[in-house]
Amino acid sequence: MSQPVVEGIVESIAEAEGTDPEELDVALERFVSTDAIRDLANHDSSSWRLQFETRDHVVEVLEDNTILV
């Protein structure tokens, strides 16, 4: 992957909100385990998908590091 998946999720949410990641008012850990995201992204299977909700968004992460908000 080109960048760590958790950081990519934070950047994608920030982009959807029109703000910088450092100014994002969302603690990702309140909605999903970031350790579980990393484990999923690093496991052996090449076919997986994760979807979760934050306060204002539905986030979907695909095995190829595609992040949809």
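Structure: see above.
1. Looking at the sheet that holds strand β1 (residues 49-53)
Read from one edge of the open sheet, three strands run β1-β2-β3, paired in antiparallel fashion. Two strands in the sheet have a free side with no partner beyond their single neighbour: β1 and β3 (67-68). Examined bridge by bridge, β1 and strand β2 (residues 58-62) share five bridges and lie antiparallel to one another. Bridge pairing in β2 links F52 to V59.

2. As for the pairing of β1
Only one face of β1 is buried, namely the one carrying L50 and F52, since none of R49, Q51 and E53 on the opposite face is buried. Between β1 and β2, which pair antiparallel and follow one another directly, the connecting turn spans four residues.

3. Comments concerning unusual backbone geometry
With a phi angle near 75°, N65 is a residue other than glycine that sits in the positive phi range. Residue placement: N65 occurs in the loop between β2 and β3.

The rules behind each value
- Residues numbered from 1 in each chain as written.
- Predicted model: local features only at pLDDT ≥ 70, side-chain atom pairs only at ≥ 80, totals over all residues.
- Heavy atoms only, no water.
- Pairing = 2+ DSSP bridges.
- Helix = DSSP H or I, 4+ residues; strand = E, 2+ residues; numbered from the N terminus.
- Buried < 20%, exposed > 50% of the residue type's maximum accessible area, 1.4 Å probe, protein only.

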